[in-house]
Amino acid sequence: MLLEMDQITKKYGGFTANRDIRFNLREGEIHALVGENGAGKTTLMRMLYGMEQPTSGTIKVRGREVSFATPSQAMASGIGMVHQHFMLFPSFTVAENIVIGREPAAAGVFDRKQAAAQVNELGRKYGMPVDPWKKVSECPLGLQQRVEILKVLHQGADIIILDEPSAVLTPLEVKELLANMKSLAKLGKTFVLITHKLQEVMDVADRITVLRDGQVTGTLEAKDTNVEELSRLMVGRELVRLNKQPSVPAEAVLQVDGVSLSGAKDRSALKDIHMEVRKGEVVGIAGISGNGQSELIQVIAGLRNADSGRILLSGQDTTNWPVRRIREHGLAHIPEDRYMWGAAKDASVRENGLMGHHHRLQTRGVIKAKAARAMVEGWIKQFSIKTGSAETKAQFLSGGNLQKLIAAREFAQDAPFLIAAEPTRGVDIGAMETIHAELLRKRNEGAGVLLVSSELSEILQLSDRVIVMYEGEIAGELKADEATEEQISLLMAGGKERI
Amino acid sequence: MNRVKETLRGLVQPVLAILIGLLAGAVAILVVGGNVLDTYAEMWKGAFGNFYFFTNTLARSTPIILAGLGVALAFRAGFFNMGAEGQMILGGLSAALTALYLPGPGWFVCIAAIVAGILAGGIWSVFAGWLDARFGMNLLITTLLLNYIAIYFGGYMVSYPFKDRTGSAAMAQTPMIDQAVWLPKLFQGMGLHAGFIIAIVAAILIYWFTHKTVTGYEIRMLGSNPSFATYGGVRRIRMMMLSMVISGGLAGLAGAGEVLGTQYRFLDGSLSSASYAWSGIMATLLARSHPLGTAVAAILLAALQTGAMGMERNTDVPLEVGSVIQAVLTLFVSAQIGYSFLKRRKEKKSNAATV
Amino acid sequence: SKDEQSAQGGESEKSLRMALVLPEKIGVNPFFVQMDEGFKKAGEEFKVDTKTIESTDPAAFEQNLRAAVAENYDLIITATFQAEDALKKVAAENPDKSFAIVDTTVDLPNVRSVGFREYEGAYLLGAAAGLSTKTDKVGMIAAMDVPLIKKYTEGFKAGLESVNPDAEFLVNYVGGFNDVAKAKELALVQFGKGADFIAGASAVGDLGVFEAAKEKGFYTSGQDTDRTVEDPEHIVLSQLKSTDTVAYQTVKDFVEGNFQAGAVNYGLKEDGVGLTFVTRDSESALSDFVGQEVIDKVKAINEDIVSGKIVVKDPLQQ
Amino acid sequence: MQQLFDAAMFGSTLRIMTPILLAALGGALCSRVGLFNVGLEGLVLIGAFSAIVGNYLFGNVLLAVLFSIIIVMLFSALFAFISINLKANAIVVGISLNFLATGLTTFALRAIFDVKGAYYDKDMVGLPKWDIPLIKDIPWVGDVISGHSPLVYLGIILVIALQFYLFKSVSGFRLRSVGENPIAAQSIGIKVRGIQYGAVLMCGILCALAGAQLSLGQVTMFTEGMTAGRGFIALVATMLGQANPLGVMGSSVLFGFMEALSIRLQGFSLPTHFTLMLPYILTLVAMFFFKDRTYAQDALKAGGSSR
Ligand SMILES: Nc1ncnc2c1ncn2[C@@H]1O[C@H](COP(=O)(O)OP(=O)(O)OP(=O)(O)O)[C@@H](O)[C@H]1O
Ligand SMILES: Nc1ncnc2c1ncn2[C@@H]1O[C@H](COP(=O)(O)OP(=O)(O)OP(=O)(O)O)[C@@H](O)[C@H]1O
Ligand SMILES: [Mg+2]
Ligand SMILES: [Mg+2]
């Protein structure tokens, strides 16, 4: 065995993120690590990479017991990690990003030419060419991913951990990445691949380890298993299909009419978008993140101004209106990034819940404190939000509980149109079911819901119609009950044909 | 219960900082060969020794409270307004000029002068806000620079066009304001004037404004997370301008209060040499931008200053011990000693419980 | 009651307590240094408890003044224009207390005011400079562009013009009382423009002017006390102002029961202001740059001012 | 006009610029590791004071400067400790440091020298004035360039050295990486805290030199508050120069030049208040034109998280 992790336990205070984990790697294999959000995948790998120390348990590399206090020590043992969130220096060049920490130098002077040569050589050797002189901030995400992998290779790693490498990539880039992994594995490199996309796993992995609630529920050979078995191991039960009655769409509540928006570097973020959402239906937007979904939401919600085109909300042209007017005209919005858009961390739960309701709950400019508190406390009960009290600061809530608070706040807006962007990101199954049920209830009550999600399953479960976005355009539209994952995936990857 | 606990937790930090400050002061006292207890006793007497000294302390705290409130509001909205000094000077100058040249009954002119002070401070402050919003010029730096400009401008105005030419005419100052316009003293023969009441009312109002009103809520959310506020429909630029206006207006009010209640004229350098604005910033930092806390902290700082004066009058320990204490306690107040210390203890305890 | 207490607490005979409350820090400002010295000297001589209280800013000064009243001193002496406003208020509110103020006038029945006519001294200095300069360019580094300083700049200018109408007068302002580096820089600039005599009138900043003189070899002068002793080669003159005498005299008068309210004014005639070598001798030797001949001429001017033949205009009374 | 732009004027530009430049370089280093140091004013003041104390103790300028460096490093270590280890907001710590410096120097002036306001000893020897052999004989250039204190030349050399260090050396590259993305730097084993400490301590050295230039170079004495806002101007120069040594040099020159010019302009019948105001107005104007947001945003970031 190249690497063995045995009886690994990691505790954060009273919370156990990993419990008695056994995990091993064979030389030259691609080993997938799967599990739900918060299952403990990243935690396990951070311990392997020396960023965290196990509470108990042993790690052996090539039979020798090791303990890593810092990433540098792990690196010295040939372990490299590409993190879930990229660890790059945007204003530095590709070469600088790759060689950092192991810079070629003469008498302390950084030899950039030499660095570029090394990077070119590395790219040639592993079949992943890059332009060493380009600034990383100017590289597309796929290239940045490649830079991350080259960095790890430059560090001389034999064991490479990839934490959700494909979450932000286009299908083409994913394909390339997987191909690269396979060829590197042939050259003797060993991979740990963390991902939520089980199809990817089936495509490249040799073996698969499944985590649930911080424990291993199985380690399988890829050829002996299938996606269904994996999901059962991950979730612990068969996934139930939500009980969804057929929709009775009425008139349009949102009409997007030829909206365009220019993005960075003369690429357009949105190109001539036409779509509508009717009352009483859920329209899902699928697509790999970064294909214009965020921009579309922001334009609809008034957070960005469209360059051209019109947006009609309940028949009224609300293009480029200020946010507050749009909201008051009838829009609720669960934002995609709860920490960036959805909450103020150092404000209390009550204050976070008040946002958007504060113009309603007032008399002559003074907030009705009692009513506001009662409202928020009601949600805490209804959605069983775990919090000390309504006065607890939002930063002390777990991600899922904060998400529930935000969802509750937006469900309560009483608007005929709701944007739900990644409404269940990082949320546990129970809360997910609550939120899904609420979304459908909203629909059944006659509101229009625009659901944006990078989880295909979520889209398929909830939507009445599915729109797929690719590179700022609508690549296709499907009826949900007719759509298959394959069709959607094809559209997400840029397959143009309309179905 | 939870609330009490959180308030207590909030107090750990300042109390620790005060202790460290007093400790530093004690070291300084020992260095110059003073007796720590006697010296601190003199300091206490100088600040709170009797009613007279107590009112003295409150009088000194008046501009500090107001300037501090202004800074606190800006901080709450997320803007590092370092321009309280300049805003205060222009506020004081405008108040003095209005008081001198506006005809009308005393009470009316007095109110008009206060309003003029508020407006001048507010405009100067919102100018910096505008430079930031419109041209992206960093507020922290522009407000610092605008201070110097205000100082020299004020100096020019009272050295040339509006100089006092009566009496000895030796000072760069405006003529004396008519007695009818003065802010009344609260007690005969003592320095404390009605400005203190204005300051306390302002502290309560600002507290009420930030914590109870819709606009205050929006300002606080803007300061906590601008993106969140924008998402919720808060108009960032408008709220920024509003909070900068109020912030500068309060600093202007501080200047107006000093002019109308203590000096009865605008005297070049009198507002900056007393470091009211900087003390106000310190008070805000001590209170973590809480309006009522800022008022309390301002009184505490004023007490340190008047106490240090008393100490210097009656011992051989120099006045600067007071500023050393002040500086050290602000230095440590934002340090997370209390919190991380507590947290570490808690973590250890829970580890012990689970392992 | 407090009064009685302190009286009882003292020796058998009641000793007087006097406070010198200053609106600024004494620092190295010779005006205050001298005054404090004179005050303390009188205190020792006449067995008076003396206490000197300094202040950092105008509001603090008023508080200190009030505190001195509250702490029940028999006589409270203060100084300069900066003290005027506060003293007017405090003295009016405490008519049974005795006050004295140096360097300005406060017209109240319980205040004795002692003023100076510095512009007369400055006039002599300007004349001496005008007679001594070889380049016909003389300068002055003044603290701030404020009216008070005009007593120095305008008097100097008048004296200069009276003896040497061709001479060019350069004046620069430091913009503060403490910025020595800037004062020095300004002196260097004036030297660069050709001035061979540059008078210091910038309080602490004068130290910077002196340093520049030493470095570049031009001539300079100080204020208030005889600064020539510090560097006789370059600091060739000093304009005098006898605040020590005034403080001493005030204490003495009070102890001896001669203290009267009202204004007294010290100029050249009363020997309250002056110029080294002209109105008073100095320990240091006279520089050749000035020379005895110039001194004799300036002495004559001094006599004319004393006799009233020449009247130096008060720059603040325009 | 000729009189306005004479050699002496450029000479004074160099002198006026030096303390600002040195402190601003220190500020640039701090800002390069993600700590915005508002405490420059205080550090320079402590530097000026301890240089005088050192000179008084050892009677030797070199030892005096070394002494000053050690003392200021202690205070910058305090800044580093409170803002890095105790996670206090760097801006708040900087502001308090300024207060501490004002109080402490005044206090120590009295405790050590038993004087108030200023310490001055006419026998004290300041930094020498170096005449540069050949250059000093070149007519105009000699007047401008020759005859300054060694720290003036050191300042200029340091600009080049730091520019080289930051952009050519490995260690400078790593230092910049810390400011650019500390988490990423940490993840590849760069000692982020160590580098931050290093930069802050280096900033202490530079501020000590700036202070020594003020109290032993420009003049040979210490007066209370003798920095007179130069540290704040240095802060502005740091921002304006975008924490780039050459840029910092450019903005310091601009500021020194404006100040020298404003001295010259006093000769014309403009009230001095306006000539004194001029450098600040021009800095505002300069800010308007040079506003790369990167470092401004660092300051905002640091500022935004203070509550
Ligand atoms: N430093 C920490 N302190 C406390 N809890 C932590 C810490 N780091 C992680 N956790 C918790 O440990 C659990 C496992 O987290 P981990 O990041 O390993 O999940 P994951 O499987 O990688 O999830 P995801 O798929 O969302 O990336 C989570 O509940 C997380 O909140
Ligand atoms: N880095 C950290 N340091 C300290 N506490 C942390 C850290 N990360 C998470 N926590 C705390 O750990 C707890 C779990 O956090 P996390 O957001 O991962 O919850 P979770 O298990 O994912 O819950 P949910 O299922 O609701 O998303 C929370 O109380 C959170 O405040
Ligand atoms: Mg993870
Ligand atoms: Mg989670």
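Residues numbered from 1 in each chain as written. Chains lettered and ligands numbered in written order. Predicted model: local features only at pLDDT ≥ 70, side-chain atom pairs only at ≥ 80, totals over all residues. Heavy atoms only, no water.

Adjacent strands of a sheet form backbone hydrogen bonds with each other and so pair up, either parallel or antiparallel. Residues and elements named next belong to chain A. Taking strand neighbours across the sheet as the criterion, the six strands line up as β6-β9-β10-β3-β11-β12 in an open arrangement whose pairing is mixed. This sheet does not close on itself; its edge strands, each paired only once, are β6 (79-82) and β12 (215-221). Pairs of neighbouring strands in the sheet enclose a mean axial angle of 15 degrees, with direction left out of account. In the sheet, strand β3 (residues 30-35) pairs with strand β11 (residues 207-212) via five bridges, with the strands oriented parallel. Paired with Gly35 across the bridge in β11 is Leu211. Packing of helix α1 (residues 41-48) onto the sheet brings it into contact with β3, β6, β9 (159-163), β10 (190-194) and β11, and relative to β3 it is tilted by some 135 degrees. Contacts from helix α5 (residues 141-154) reach β6 and β9, with the element oriented near 170 degrees to β6. (Pairing = 2+ DSSP bridges. Helix = DSSP H or I, 4+ residues; strand = E, 2+ residues; numbered from the N terminus. Axes fitted to C-alpha atoms, helices over the stretch in contact; angles between N-to-C directions. Contact = heavy atoms within 4.5 Å.)

Residue and element names in this part refer to chain D. As recorded in UniProt, the sites labelled "transmembrane region" (unreviewed entry) are residues 12-31, 38-58, 64-84, 91-113, 150-167, 194-212, 232-258 and 270-290. Between the C-alpha atoms that bound residues 12-31 there is a distance of 28 Å. The span itself is 100% helix and 0% strand. This span, residues 91-113, is 100% helix and 0% strand, and a straight line between its end C-alpha atoms measures 32 Å. (UniProt positions renumbered as here; feature names shortened; annotations may be inferred.)

This part takes up the domain arrangement of chain A. If you check the domain split of chain A, you get domain 1 (3-235) and domain 2 (252-493). Between the C-alpha centres of domain 1 of chain A and domain 2 of chain A the distance comes to 33 Å. (Domains from an automatic or database assignment.)

In this structure, B:Asp132 sits in helix α5 (residues 106-135). In this view, B:Asp132 contacts B:Met137, B:Asn138, B:Leu139 and B:Met240; residues no more than four positions away in its chain are not counted.

What follows deals with helix α7 (residues 194-212) of chain B. Residue and element names in this part refer to chain B. With 19 residues, α7 should cover 27 Å at 1.5 Å per step; its first-to-last C-alpha distance of 26 Å lies within 8% of that length. Residues Ala194, Gly195, Phe196, Ala199, Ala202, Ala203, Ile206, Phe209 and Thr210 constitute the buried set of α7. Those residues of α7 that are buried lie in contact with α3 (51-76), α8 (214-224), α10 (236-263) and α13 (291-314). (Expected span 1.5 Å × (residues − 1). Buried < 20%, exposed > 50% of the residue type's maximum accessible area, 1.4 Å probe, protein only.)

Residues and elements named next belong to chain A. Using the criterion set out here, one finds 51 salt bridges over all chains in the structure. As a salt-bridge pair, Arg22 and Asp6 come within 3.6 Å of each other at their nearest N and O atoms. Here Arg22 is found in strand β2 (residues 15-25), whereas its partner Asp6 is found in strand β1 (residues 3-12), with 16 residues between them in sequence. Residue classification places Arg22 among the exposed residues on the basis of a relative accessible area of 53%. Glu281 is the partner of Arg465 in a salt bridge, and the nearest nitrogen-oxygen pair spans 2.5 Å. Of this pair, Arg465 sits in strand β23 (residues 465-470) while Glu281 is found in the loop between β14 (268-278) and β15 (282-286), placing the two residues 184 residues apart along the sequence. Using a relative accessible area of 12% as the deciding quantity, one classes Arg465 as buried. Look at Glu281 and you get buried, because its relative accessible area is 3%. One salt-bridge network, in which partners are shared between bridges, spans Glu27, Arg62, Asp158 and Lys189. (Salt bridge = Lys/Arg side-chain N within 4 Å of Asp/Glu carboxyl O.)

Take the packing of helix α4 (residues 84-101) of chain B against α10(B) next. The relative placement of two packed helices comes down to the angle between their axes together with the axis-to-axis distance. All names here are of chain B. Running from amino to carboxyl end, α4 crosses α10 at an angle of 50 degrees, the nearest separation of the two axes being 7 Å. The angle between the axes of α4 and α10 places the two elements in the oblique class. The crossing of α4 and α10 is right-handed. Where α4 abuts α10, its residues Ala84, Gln87, Met88, Gly91, Gly92, Ala95, Ala96 and Ala99 lie against Ser247, Gly248, Ala251, Gly252, Ala254, Gly255, Ala256, Val259 and Leu260. For the contact of α4 with α10, the per-class residue count stands at ten nonpolar, seven polar and no charged. (Parallel < 35°, antiparallel > 145°, perpendicular 65-115°, else oblique. Left-handed = near helix turned anticlockwise from the far one by under 90°. Nonpolar A, V, L, I, M, F, W, Y, C, P; charged D, E, K, R; others polar.)

With that settled, consider the sheet that holds strand β4 (residues 56-61) of chain A. All names here are of chain A. A sheet is described by the order of its strands in space; here four strands give the open sequence β2-β1-β4-β5, paired in antiparallel fashion. Of all strands in the sheet, those bounded by a partner on one side alone are β2 and β5 (64-66). Mean inter-strand twist for the sheet, computed between neighbouring axes without regard to direction, equals 30 degrees. α1 contacts β1, β2 and β4 of the sheet and is inclined by roughly 115 degrees relative to β1.

Moving on, we come to the packing of aromatic side chains. Residues and elements named next belong to chain B. Inspection of the entire model under this criterion finds 39 aromatic pairs over all chains. Between Trp44 and Phe48 the ring centres are 4.7 Å apart and the planes differ by 55 degrees, which places this aromatic pair in the tilted class. Of this pair, Trp44 and Phe48 both sit in helix α2 (residues 36-48), four residues apart, which is roughly one turn of the helix. Since its relative accessible area comes to 55%, Trp44 is described here as exposed. (Phe/Tyr/Trp six-rings, centres within 6.5 Å; stacked < 30°, edge-to-face > 60°.)

The next point concerns the environment of B:Leu267. Mapped onto the elements of the fold, B:Leu267 is located in the loop between α10 and α11 (270-273). A sequence separation of 57 residues divides B:Leu267 from B:Val324, and the C-alpha atoms of the two residues are 28 Å apart. Setting aside residues up to four positions removed in sequence, B:Leu267 forms contacts with B:Met171, B:Ala172, B:Gln173 and C:Pro58.

Here we take up the pairing of strand β3 (residues 75-79) of chain C. All names here are of chain C. The element β3 is largely enclosed, with a buried count of five among its five residues. Burial along β3 is two-sided: the face carrying Leu75, Ile77 and Ala79 and the face carrying Ile76 and Thr78 are both buried. Pairing of strand β1 (residues 17-21) with β3 involves four bridges; the strand directions are parallel. Opposite Leu20, over in β3, you have Ile77 as the bridge partner.

Okay, the interface of chain C and chain D next. Contacts between the two partners involve 27 residues from chain C, matched on the other side by 28 residues from chain D. Where chain C abuts chain D, roughly 2,500 Å² becomes buried across the two surfaces, and 55% of that area is made up of carbon and sulfur atoms. When the buried area of chain C at its contact with chain D is split by residue, C:Lys182, C:Glu185 and C:Glu211 rank highest and sum to 21% of it. At the boundary of chain C and chain D, one finds two salt bridges. For the pair chain C and chain D, the number of links is four residue pairs in polar contact (both at pLDDT 80 or more). Put simply, the parts of the chain that give the side of chain C that touches chain D at least two residues each are β7 (168-173), α7 (180-192) and α8 (206-216) of chain C. Per-element tally for the side of chain C that touches chain D: the top contributor is α7(C), with eight residues. (Buried area = accessible area lost by both parts, 1.4 Å probe. Polar contact = N/O pair within 3.5 Å; in protein donor to acceptor, adjacent residues only side chain to side chain.)

The interface is formed by 45 residues belonging to chain D together with 51 residues belonging to chain B. Buried area between chain D and chain B, summed over both chains or domains, comes out near 4,300 Å², and the portion from carbon and sulfur atoms is 80%. The interface formed by chain D and chain B includes one salt bridge. When the shortest N-O distance is used, the salt bridge between B:Glu312 and D:Arg110 registers 3.0 Å. Counting residues per element, the ones that place at least two in the side of chain D that touches chain B are α3 (61-85), α4 (90-113), α10 (230-240), α12 (272-289) and α13 (293-304) of chain D. When residues of the side of chain D that touches chain B are assigned to their parent elements, the largest contribution, 14 residues, is made by α4(D). Of the residues belonging to the side of chain D that touches chain B, the class tally is 31 nonpolar, nine polar and five charged.

Right, let's get into the side chain of B:Thr262. With respect to the element layout, B:Thr262 can be found in helix α10. Polar contacts involving the side chain of B:Thr262 include one to the side chain of B:His193, which spans 3.3 Å.

All names here are of chain D. Put simply, chain D has an average pLDDT of 84, and 91% of its residues get 70 or more. Note that residues 294-307 has pLDDT below 50 and, in this model, 28 contacts with residues that lie over four places away or in other chains. At the level of chain-chain contacts, confidence expressed as ipTM amounts to 0.78, with global pTM at 0.81. (pLDDT = per-residue confidence, 0-100.)

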